[in-house]
Amino acid sequence: EKVFTEDQLKLPWNKKYAKIIEDANALTESYYAITDIITPVMNGEEDDYDKVMADLDALYEATDEEGNNKNINPVFIEYYRYVAMSVMDKEPEELLRQLEKAAFADKDGNLQWVYLSNYANLAARCGDLELTELLYNRMIGTSKEDVNAYIALASYYRFADDIDADKMLEIMEEAKANA
């Protein structure tokens, strides 16, 4: 059951709620459009890389029954391109470049929850210390109470060639203070 009618959402004092509903509907639309492409890949039913990439590209211009652009969110398109590439065993460096595209598509940074954790972990896997630190610190900055980013950053320092025990302890103390 709807909380607001279409007419109620047009009222000036309901603009905030109209925007929330519009954004939620857009995310749902994006999810469903991409699911149709990505589910067969995840289930091992589709392994034609070029076809999957072309299908994802087509989402940029996808239209509804009335010919209106569906406005599928580019962050989701680029992130799920990474997911398909992962399942299709692409090289880590190629996957990292793909997640960079997802991050670049997130103009206002509101969808970091979609890609940031994988991006940081993959940067660490590729051995890019500078990018890894930047991304884990961005994760910490967006959610100080989430200890996972602190643990991941401390673990990365632990396994990095230049082990910095003091830095590891500093990170864990910050996590403890914010938990």
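Structural notes, computed from the coordinates. (Residues numbered from 1 in each chain as written. Predicted model: local features only at pLDDT ≥ 70, side-chain atom pairs only at ≥ 80, totals over all residues. Heavy atoms only, no water.)

Attention now moves to the nonpolar core. Among the nonpolar cores identified, the biggest contains 49 residues, and Val52, Leu59, Tyr79, Tyr115, Tyr119 and Tyr136 are the most heavily contacted of them. Excluding its chain neighbours within four sequence positions, the residues that come into contact with Tyr119 are Leu96, Leu99, Glu100, Ala103, Leu131 and Leu135. (Core = buried A, V, L, I, M, F, W, Y, C linked by side-chain atoms within 4.5 Å. Buried < 20%, exposed > 50% of the residue type's maximum accessible area, 1.4 Å probe, protein only. Contact = heavy atoms within 4.5 Å.)

Now for the side chain of Ser30. In this fold, Ser30 is placed in helix α2 (residues 15-42). Among all residues touching Ser30, those that are not within four sequence positions of it are Asn71, Ile72, Asn73 and Phe76. (Helix = DSSP H or I, 4+ residues; strand = E, 2+ residues; numbered from the N terminus.)

When you line up the elements, Glu78 lands in helix α4 (residues 74-87). Relative accessible area serves as the criterion here: at 9%, Glu78 is assigned to the buried category. Within the structure, the side chain of Glu78 is placed 2.6 Å from the side chain of Gln98, a separation counted as a polar contact. Once residues within four sequence positions are removed from consideration, Glu78 is found in contact with Tyr60, Gln98, Lys101 and Ala102. (Polar contact = N/O pair within 3.5 Å; in protein donor to acceptor, adjacent residues only side chain to side chain.)

To continue, consider the pattern of salt bridges. All told, the structure shown has three salt bridges when counted by the stated rule. A salt bridge links Arg81 to Glu78, with the shortest nitrogen-to-oxygen separation between them at 3.1 Å. On the criterion of helical spacing, the pair formed by Arg81 and Glu78 is a turn pair, its members being three residues apart in helix α4. You can call Arg81 buried: its relative accessible area is 9%. The structure contains a network of salt bridges with shared partners spanning Asp57, Glu78 and Arg81. (Salt bridge = Lys/Arg side-chain N within 4 Å of Asp/Glu carboxyl O.)

With 14 residues, α4 extends 20 Å from end C-alpha to end C-alpha; this agrees with the ideal 20 Å at 1.5 Å per step. The buried fraction of α4 is high, at ten of 14 residues. For α4, the set of buried residues is Val75, Phe76, Ile77, Glu78, Tyr79, Arg81, Tyr82, Val83, Ala84 and Met85. Contacts made by the buried residues of α4 are with α2, α3 (49-58), α5 (92-105) and α6 (112-125). One side-chain oxygen of the residue at the start of α4 lies 2.8 Å from the amide nitrogen of Val75, identifying that residue as Asn73. Looking one or two residues beyond α4, the residue adopting positive phi is Asp89, at roughly 60°. (Expected span 1.5 Å × (residues − 1).)

On the surface, a cluster of nonpolar side chains totalling about 260 Å² of accessible area is made up of Tyr17, Ile20 and Ile21. Position of Ile21 among the secondary structure elements: in helix α2. (Patch = residues over 30% accessible without salt bridge, like charges linked within 9 Å, V, L, I, M, F, W, Y side chains within 5 Å. Areas by Shrake-Rupley, 256 points an atom, 1.4 Å probe, with all protein chains shown as cover.)

The subject of this paragraph is the environment of Leu135. Mapped onto the elements, Leu135 comes out in helix α7 (residues 129-142). Classification of Leu135 by relative accessible area gives buried; the value is 1%. Through-space distance from the C-alpha of Leu135 to that of Ser117 is 8.0 Å; in sequence the pair is 18 residues apart. If sequence neighbours within four positions are ignored, Leu135 has contacts with Leu116, Tyr119, Ala120 and Ala123.

Attention shifts here to the packing of α4 against α5. Where α4 meets α5, the closest approach of the two axes is 7 Å, and the angle between their N-to-C directions is 170°. Between α4 and α5, the angle is such that the two are roughly antiparallel. Residues Pro74, Val75, Glu78, Tyr79, Arg81, Tyr82, Met85 and Ser86 of α4 touch α5, and the partners they reach there are Glu94, Leu95, Gln98, Leu99, Lys101, Ala102 and Ala105. Looking at the contact of α4 with α5 residue by residue, the classes come out as nine nonpolar, two polar and four charged. (Axes fitted to C-alpha atoms, helices over the stretch in contact; angles between N-to-C directions. Parallel < 35°, antiparallel > 145°, perpendicular 65-115°, else oblique. Nonpolar A, V, L, I, M, F, W, Y, C, P; charged D, E, K, R; others polar.)

This part is about the packing of α6 against α7. Running from amino to carboxyl end, α6 crosses α7 at an angle of 150°, the nearest separation of the two axes being 8 Å. Two packed elements cross with a definite hand, and for α6 against α7 that hand is left-handed. Here Gln112, Leu116, Ser117, Tyr119, Ala120, Asn121, Ala123 and Ala124 of α6 lie close against α7, whose contacting residues are Leu131, Thr132, Leu135, Tyr136, Arg138, Met139 and Thr142. Taken together, the residues of the contact of α6 with α7 sort by class into nine nonpolar, five polar and one charged. (Left-handed = near helix turned anticlockwise from the far one by under 90°.)

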